[in-house]
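Below are the chains, spelled out letter by letter.
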Amino acid sequence: MEFHHISVLLQETVDNLNIRPDGTYVDGTLGGGGHAYEILKRLSQNGRLVGIDQDEDAIRAAGERLAEFQGRVTLVHGNFGDMRMHLKKLDIEKVDGIILDLGVSSYQLDTPQRGFSYRDAYAPLDMRMDSRQQLTAKDLINESSETELFHIIRDFGEEKFAKNIAKHIVKARQEKEISTTGDLCDIIRAAIPMKVQKKGGHPAKRTFQAIRIALNHELEVLQDSLEDMVDLLTDGGRLCVITFHSLEDRIVKTIFKNSEHPCVCPPGFPVCVCGRVSKGKAVRGPVVPTEEEIIDNKRSKSAKLRVFERKEQLYEQAERENTI
């Protein structure tokens, strides 16, 4: 199947990078190379882009799409959580901009054998972003305890029927192994009242999201790496992050806020003594898709773009104030 993915908030994201033609940029979630292509179009021969993705299919597809920019683009098969390590191997210490487009690509959702979609009844329960990973969604569903399943579905899916769904999963797997997306969907339907199912969307949506997030450690990777990405930016460099659900957005919003206002001194202190200084500022509140984009791509509906700009002068000012 051809790798197909519609880049969400494409122009808004690229415009907010404030691209310098000779700058160095990182696309931490390369996908099919949509955002990367638009960045490379704005770079001169001295500019450089590093594209990172843990999906082999994405790396292969992006390589073909970006072939015309050979010499200015480097593709890395890896996780954006290891961005500093990947850049160090390329002798890159600082970059002028980073973008992350979180979530699942259209290709991953539309390829049944990847097991991400609840709409393919006979697909294997896989959901791995990186095929090198051993653990699959099938393993998670069949081997986790009822309590573990409850916490995963409740915490990562924000599903109010999490307890009942976990109970039904454990009961069902006692009779036979749960091995397909259709098996799991049937179990979820049985655990949610019919009157609730009629009001909302697909009953399995939240549970599938939760399992995918847990399996791929998506929130932990984001939480552990976002602040480091701010540190990788040059003065004036920008970090643009597109999220698709409240859990991701909350993490991004919090880390951006803490990076802008890190001081933990009591409000009454006349001068900061904690030594924590601002790394920059959140450029603006979330940018959301236009009505036209949502009509063209329904999957963009929940997308939010947040932008952080690194400001070295804030460091210098704070350091001066702390030494007075």
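Everything that follows concerns the structure shown earlier in this document.
Here goes a summary of the coordinates provided. (Residues numbered from 1 in each chain as written. Predicted model: local features only at pLDDT ≥ 70, side-chain atom pairs only at ≥ 80, totals over all residues. Heavy atoms only, no water.)

Let us now look at the packing of aromatic side chains. The final tally for this structure, using the stated rule, is three aromatic pairs. A ring pair is formed by Y37 and F69, whose centres lie 5.3 Å apart and whose planes are at 75 degrees; its orientation type is edge-to-face. Taken together, the positions of Y37 in helix α2 (residues 34–41) and F69 in the loop between α3 (56–65) and β3 (73–77) put the pair 32 residues apart, joining distant regions of the chain. Both rings, one in F256 and one in F308, keep their centres 5.4 Å apart while their planes meet at 45 degrees; by these two values the pair is tilted. Placement of F256 in helix α13 (residues 246–260) and of F308 in strand β7 (residues 304–310) is noted, with a sequence separation of 52 residues between them. Judged by its relative accessible area of 2%, F256 falls in the buried class. Residue placement shows R65 over the ring face of Y37; its charged tip is 5.7 Å from the ring centre. (Phe/Tyr/Trp six-rings, centres within 6.5 Å; stacked < 30°, edge-to-face > 60°. Helix = DSSP H or I, 4+ residues; strand = E, 2+ residues; numbered from the N terminus. Buried < 20%, exposed > 50% of the residue type's maximum accessible area, 1.4 Å probe, protein only. Lys NZ or Arg CZ within 6 Å of the ring centre and 35° of its normal.)

Once that is clear, we can look at α3. Inspection of α3 places A58, I59, A61 and A62 among the buried residues, and these make up the whole buried set. Buried residues along α3 sit in contact with β2 (48–53) and β3. For α3, the side-chain oxygen to backbone nitrogen distance between the N-cap and D57 is 2.8 Å, and the N-cap itself is D55. (Contact = heavy atoms within 4.5 Å. Polar contact = N/O pair within 3.5 Å; in protein donor to acceptor, adjacent residues only side chain to side chain.)

Here the focus is helix α7 (residues 146–157). Helix length check: α7, at 12 residues, gives a terminal C-alpha distance of 16 Å against a target of 16 Å (1.5 Å per residue), a fit within 8%. Along α7, the residues classified as buried are L149, I152, I153, F156 and G157. One face of α7 carries all of its buried residues, which in axial projection span an arc of 100 degrees. Structurally, α7 contributes buried residues whose contacts are with α6 (137–143), α8 (162–175), α11 (205–216), α12 (218–232) and α13. Of the residues flanking the end of α7, it is E158, one or two places downstream, whose phi is positive at about 50 degrees. (Expected span 1.5 Å × (residues − 1). Arc of directions from axis to C-beta.)

Let us look at a nonpolar patch on the surface. Taken together, the side chains of F269, V271 and V273 make up a nonpolar region of the molecular surface, amounting to roughly 270 Å² of accessible area. Mapping F269 onto the fold places it in the loop between α13 and β6 (280–287). (Patch = residues over 30% accessible without salt bridge, like charges linked within 9 Å, V, L, I, M, F, W, Y side chains within 5 Å. Areas by Shrake-Rupley, 256 points an atom, 1.4 Å probe, with all protein chains shown as cover. Salt bridge = Lys/Arg side-chain N within 4 Å of Asp/Glu carboxyl O.)

A word on the environment of C265. Among the secondary structure elements, C265 is positioned in the loop between α13 and β6. Residue C265 is classed as buried on the basis of its relative accessible area of 15%. Sequence separation between C265 and E220 is 45 residues, and the spatial gap between their C-alpha atoms is 27 Å. Leaving out residues up to four positions away in the same chain, C265 has contacts with C272, V273 and C274.

What follows covers the sheet that holds strand β1 (residues 24–27). The strand order across the open sheet formed by seven strands is β3-β2-β1-β4-β5-β7-β6, and the pairing between neighbours is mixed. Every interior strand has two partners, whereas the edge strands, β3 and β6, have only one. Across the sheet, the axes of successive neighbouring strands diverge by a mean angle of 15 degrees, strand direction being ignored. Pairing between β1 and strand β4 (residues 95–101): three bridges, direction parallel. Note that in β4 the partner of Y25 across the bridge is G97. In this fold α3 packs onto β2 and β3, with an angle of close to 165 degrees to the strand it touches most, β3. (Pairing = 2+ DSSP bridges. Axes fitted to C-alpha atoms, helices over the stretch in contact; angles between N-to-C directions.)

For the rest of this paragraph, the subject is a positive patch on the surface. On the surface, R119, K205, R206 and K301 cluster together into a positively charged patch. Mapped onto the secondary structure, R206 falls in helix α11. (Lys, Arg positive; Asp, Glu negative; His and termini not counted. Charge placed at Lys NZ, Arg CZ, Asp CG, Glu CD.)

When β2 meets β3, the two strands line up parallel, connected through five bridges. Residue pairing for β3: L49 is matched across the bridge by V73. Remark: the β2/α3/β3 crossover connection has right-handed handedness. (Right-handed = clockwise from strand over helix to strand, strands pointing away.)

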